[in-house]
Amino acid sequence: MRLAGRFSARTPLRQRGTENFFPPLYISKDVPICHVGSPDEPLRRSGLTGVARAIMSMKLPPLILHPFSDASAPDTIVEGSQAAMRLGGMIPLDGCARESLELIVLKARYCEFRMMFYLGKDVERWMDQCLETVDPAGSWTDGSFAVLLTEMMPDRVRAKLSSWGVEDHRTIFVRALGIRAIFHDLPEPAALAPRFLRSYCRFADAAFTCRLKCDTVQRPDAGEFTFDLYASAEYSRMLEQEWQRTP
C-alpha cells in the first residue's frame, strides 16, 4: 500500500451551480489517503492499444448524484472551520468558550458526515447497477467498481466534477464508501462518539481499505469500462426531453 500526499489544512471544495451536491466541504487537516493497488498495474488483456481499448470499453450505467445538503450546510461547515481554527490557536478566541467552540466543530463534522453518507448511498446504488450490467454471476464485485471510481475515473467524469468545483474527487468517494461500509442507516448525532466525529475522515479512510480487503477484488483494466456522471435534476431533464421526442 502506498500513501498519497498529505492534504493542506481545511482545503475547500466548492459547489458551482450544481444544486448543492458539494457545498463548501473541508478535508480535515493532514489526513493521508490510502491508495489501493497501483494504477500502473500491467494490463491482464495486453496487446491492445489505447485507441482499441477505448473502442472496446463497456458502457456502464450512469452515476447519478442526488442533492444531499440543506441550505444551512455551507454556513455550518464554515462556522465549524472557524471554530476549529480558534481551538487550534490559529485565530483569537475572542471570548468564545472552548466548550461552545467544540460543539460547533462537532455539529460541522456531523454535517460533513451526513453528506458523505448519502453520497455513498448513491455510489452503492450505481455499483449494484454496474454488477447487474456486467456479469452478475461473474468474478466482478462492488469493489471492482469502487476501484474504477476512485482510481480509474474517465476523463469526462473527472472534468465534470472539476466544473462543479470538486478537484479532490478521490477523497470524497473513498470516504463516502468507507462510511457506508460501517453504517447501513444514518445514525443520529448523539449515537456517534465525539472522538469519532472529530476524526471521522480517518475512520472512513481505514474502512474503505478494509472494504476492499474483505473480498478478492478483480481490478478493471485501464479503459475497460466507461460511464457518465449526472446530477439527478440534469438526468431527469434528459429523460423528459427524450420522452418528448418519442412519437
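**Student:** In this structure, what is going on with the environment of Val123? I would like to understand it.
**Tutor:** By the secondary structure assignment, Val123 is in helix 3 (residues 98–134). For Val123, a relative accessible area of 0% gives the class buried. Measuring from C-alpha to C-alpha, the distance between Val123 and Ala176 comes to 8.3 Å, with 53 residues separating the pair along the chain. Not counting residues within four places of it along the chain, the set of residues in contact with Val123 comprises Leu63, Leu149, Phe173 and Leu177.

**Student:** Explain the packing of helix 3 against helix 4 (residues 142–151) to me, please; I cannot follow it from the model alone.
**Tutor:** Two quantities define a packed helix pair, namely the angle between the helix axes and the distance between the axes. Interaxial distance between helix 3 and helix 4 falls to 9 Å at its minimum, and their mutual angle equals 115°. Read as a crossing pair, helix 3 and helix 4 show a hand that is right-handed. Between helix 3 and helix 4, the contacting residues are Val123, Trp126, Met127, Cys130, Leu131 and Val134 on the first element and Asp142, Phe145, Ala146, Leu148 and Leu149 on the second. In terms of residue class, the contact of helix 3 with helix 4 is built from 10 nonpolar, no polar and one charged.

**Student:** Looking at this structure, I do not really get the pattern of salt bridges. What am I missing?
**Tutor:** Two side chains carrying opposite charge are able to pair once their charged atoms lie near each other. Evaluated as defined, the whole model comprises 10 salt bridges. Across the salt bridge formed by Arg198 and Glu102, the nearest N and O atoms sit 2.5 Å from each other. Here Glu102 lies in helix 3 and Arg198 lies in helix 7 (residues 194–198), a separation of 96 residues in the sequence. For Arg198, a relative accessible area of 39% puts it in the partly exposed group. For the salt bridge of Arg156 with Asp228, the shortest nitrogen-to-oxygen distance reads 2.4 Å. In this pair, Arg156 sits in helix 5 (residues 155–163) while Asp228 sits in the loop between strand 7 (225–226) and strand 8 (229–231), placing the two residues 72 residues apart along the sequence. When its relative accessible area of 43% is taken as the criterion, Arg156 is described as partly exposed. Look at the salt bridges and you will find they share partners, linking Glu124, Asp142, Arg180 and Arg211 into a network.

**Student:** Please clarify how the packing of aromatic side chains should be interpreted in this entry.
**Tutor:** For any pair of aromatic rings, geometry is given as the distance between the ring centres together with the angle between the planes. Taken as a whole, this structure holds 12 aromatic pairs when the rule is applied. Considering the side-chain rings of Phe196 and Phe203, the 5.0 Å spacing of their centres and the 40° angle between planes classify their relative orientation as tilted. By relative accessible area, which is 13% here, Phe196 ends up buried. Of the aromatic side chains, those joined through ring pairs into one cluster are Tyr110, Phe113, Phe183, Phe196, Tyr200 and Phe203.

**Student:** What should I look at first to understand the environment of Leu229 in this one?
**Tutor:** Inspection of the secondary structure puts Leu229 in strand 8. Using a relative accessible area of 3% as the deciding quantity, one classes Leu229 as buried.

**Student:** Where do I start with the packing of helix 2 (residues 73–87) against helix 3 in this structure?
**Tutor:** Following both chains from N to C, one finds helix 2 and helix 3 inclined at 135°, their axes separated by 8 Å at the closest point. With respect to their mutual orientation, helix 2 and helix 3 come out oblique. As helix 2 packs across helix 3, the resulting crossing turns out to be left-handed. The segment helix 2 lies against helix 3, with Ala73, Thr76, Ile77, Glu79, Gly80, Ala83, Ala84, Arg86 and Leu87 engaging Arg98, Leu101, Glu102, Ile104, Val105, Lys107, Ala108, Cys111, Glu112 and Met115. A per-class count over the contact of helix 2 with helix 3 returns 11 nonpolar, two polar and six charged.

**Student:** Could you clarify how one ought to interpret the side chain of Arg109 in this entry?
**Tutor:** Its place among the elements puts Arg109 in helix 3. No salt bridge is formed by the buried Arg109; its nearest oppositely charged neighbour, Glu112, is found at 4.2 Å. Of the polar contacts made by the side chain of Arg109, one reaches the backbone oxygen of Arg198; its length is 3.3 Å.

Quick notes on the rules
- Residues numbered from 1 in each chain as written.
- Predicted model: local features only at pLDDT ≥ 70, side-chain atom pairs only at ≥ 80, totals over all residues.
- Heavy atoms only, no water.
- Helix = DSSP H or I, 4+ residues; strand = E, 2+ residues; numbered from the N terminus.
- Buried < 20%, exposed > 50% of the residue type's maximum accessible area, 1.4 Å probe, protein only.
- Contact = heavy atoms within 4.5 Å.
- Axes fitted to C-alpha atoms, helices over the stretch in contact; angles between N-to-C directions.
- Left-handed = near helix turned anticlockwise from the far one by under 90°.
- Nonpolar A, V, L, I, M, F, W, Y, C, P; charged D, E, K, R; others polar.
- Salt bridge = Lys/Arg side-chain N within 4 Å of Asp/Glu carboxyl O.
- Phe/Tyr/Trp six-rings, centres within 6.5 Å; stacked < 30°, edge-to-face > 60°.
- Parallel < 35°, antiparallel > 145°, perpendicular 65-115°, else oblique.
- Lys, Arg positive; Asp, Glu negative; His and termini not counted.
- Polar contact = N/O pair within 3.5 Å; in protein donor to acceptor, adjacent residues only side chain to side chain.

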